[in-house]
Amino acid sequence: MHLYKLISCVSIANALVIPGPDLEQAFLSNEHGYELGSGYEHGQGYGHEDTVYIQGAGQPHTQRPSRFESVLMARRLLALASTGIASTNFPDPLPEHSWAPREVAGQSIALPEYIADCESATSATGTGDDKDKDQKDGGNPTLLALNIATTFRNTAAGSNISLSIDWWDHLDRTKPVYPGFPLSAAGLPRVTLMGYVEPIEDVDGDAESALQKCYVERHPDSRVWLPHRKGSPHASFWARLVVTQVYWIGGFGDLQQIGWLDVQDWKRVTREGVDGVGDGRGWGDIKLPGE
Ligand SMILES: *[C@@H]1O[C@H](CO)[C@@H](O)[C@H](O)[C@H]1NC(C)=O
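Residues numbered from 1 in each chain as written. Predicted model: local features only at pLDDT ≥ 70, side-chain atom pairs only at ≥ 80, totals over all residues. Heavy atoms only, no water.

Moving on to the state of the cysteines. A disulfide bridge is the covalent bond that connects two cysteines by way of their sulfur atoms. Summed over all chains, the structure comprises one disulfide. Note on cysteine connectivity: C118 is disulfide-linked to C214, with sulfurs 2.0 Å apart. Disulfide C118-C214: torsion about the S-S bond near -85°, hence left-handed. One end of the pair, C118, is in the loop between β5 (108-114) and α3 (119-124); the other, C214, is in helix α5 (residues 205-218), and 96 residues separate them in sequence. By relative accessible area, C214 is classed as partly exposed at 21%. (Disulfide = S-S within 2.5 Å. Helix = DSSP H or I, 4+ residues; strand = E, 2+ residues; numbered from the N terminus. Buried < 20%, exposed > 50% of the residue type's maximum accessible area, 1.4 Å probe, protein only.)

Here you go:
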């Protein structure tokens with residue numbers, strides 16, 4: 001005989017909440033007006049509106065990843081990502097000759113942008129026995145900023161930026177997070193990096209070649225609008241999103257962490273891991289769902 005667990009799905013944006021044993025009992029005892037209609041007993045059905053019945057009550061809950069492991073997951077998400085949604089604010093007032101409607105002054109606009117995790121390339125070719133090499137802040141997404149792009153016009157006018165990266169296009173490769181529950185993008189990780197855009201001015205020669213190689217590997221088409229390229233349709237420059245805050249939604253809150261991650265850990269973790277940073281593992285030591 002199966003037992004079924006009642007999950008109250010507060011909203012798609014929030015975590016599924018698995019009631020504790022007492023609450024679960026209360027729900028299942030049906031004293032609160034819930035009706036366990038026919039079809040639900042197979043653990044596949046949906047309750048009215050936002051209520052889902054799930055098989056497997058009584059099994060121990062999966063241990064959530066630690067905060068540090070969540071940092072590793074988030075860093076891996078950045079490392080594997082090639083695009084993100086960047087949100088910036090229009091200046092207020094708009095510049096005199098702006099083509100934007102007056103009403104958008106001061107408002108945010110979210111736009112997809114190319115990104116690449118190439119910060120380590122900018123330090124990998126530092127001079128000789130550069131001791132700072134390993135300590136160089138990582139985790140700052142690299143941007144090939146077009147002067148004409150709205151995102152970079154806004155940052156040039158003083159806007160900060162936040163960048164959202166998700167793992168949702170891997171949904172088909174994942175398994176349901178609960179038995180009997182449909183595949184759910186809401187159960188997959190996403191991270192939002194808050195910060196500001198800073199032109200990368202401290203690279204030239206080998207370091208710039210390494211940066212360019214790293215970026216073009218991720219975005220072969222971007223070769224056309226590389227900085228200083230003759231005949232490029234757009235003027236561009238290398239920039240980094242200097243991360244100041246990291247907000248993480250690992251998935252459903254009973255299985256994953258949701259909240260602000262430690263920015264120092266974010267900046268210090270590497271692919272290989274660093275002794276003394278968290279538990280010493282790197283983002284190369286873990287996998288994301290469906291990998
Ligand atoms: C950008 O963010 C910083 C905090 O990192 C804040 O001090 C500053 O006021 C912000 N600038 C704008 C234009 O919102």
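Glancing now at the confidence of the model for the chain. Parts of the model with low pLDDT should not have their predicted coordinates read in detail. Chain-level statistics for the chain give a pLDDT mean of 81 and a share of 74% at 70 or above. Here residues 1-15 is a poorly scored stretch, pLDDT under 50, and it has 46 contacts once near neighbours within four places are set aside; other chains count. (pLDDT = per-residue confidence, 0-100. Contact = heavy atoms within 4.5 Å.)

On to the pattern of salt bridges. In this structure the tally under the stated criterion is seven salt bridges. Between D117 and R75 there is a salt bridge, with its nearest N and O atoms 3.3 Å apart. Taken as a pair, D117 in the loop between β5 and α3 and R75 in helix α2 (residues 67-80) lie far apart in primary sequence, 42 residues in all. For the pair formed by D117 and R75, the shared burial category is buried. K213 serves as the salt-bridge partner of E217, at 3.3 Å between the closest nitrogen and oxygen. (Salt bridge = Lys/Arg side-chain N within 4 Å of Asp/Glu carboxyl O.)

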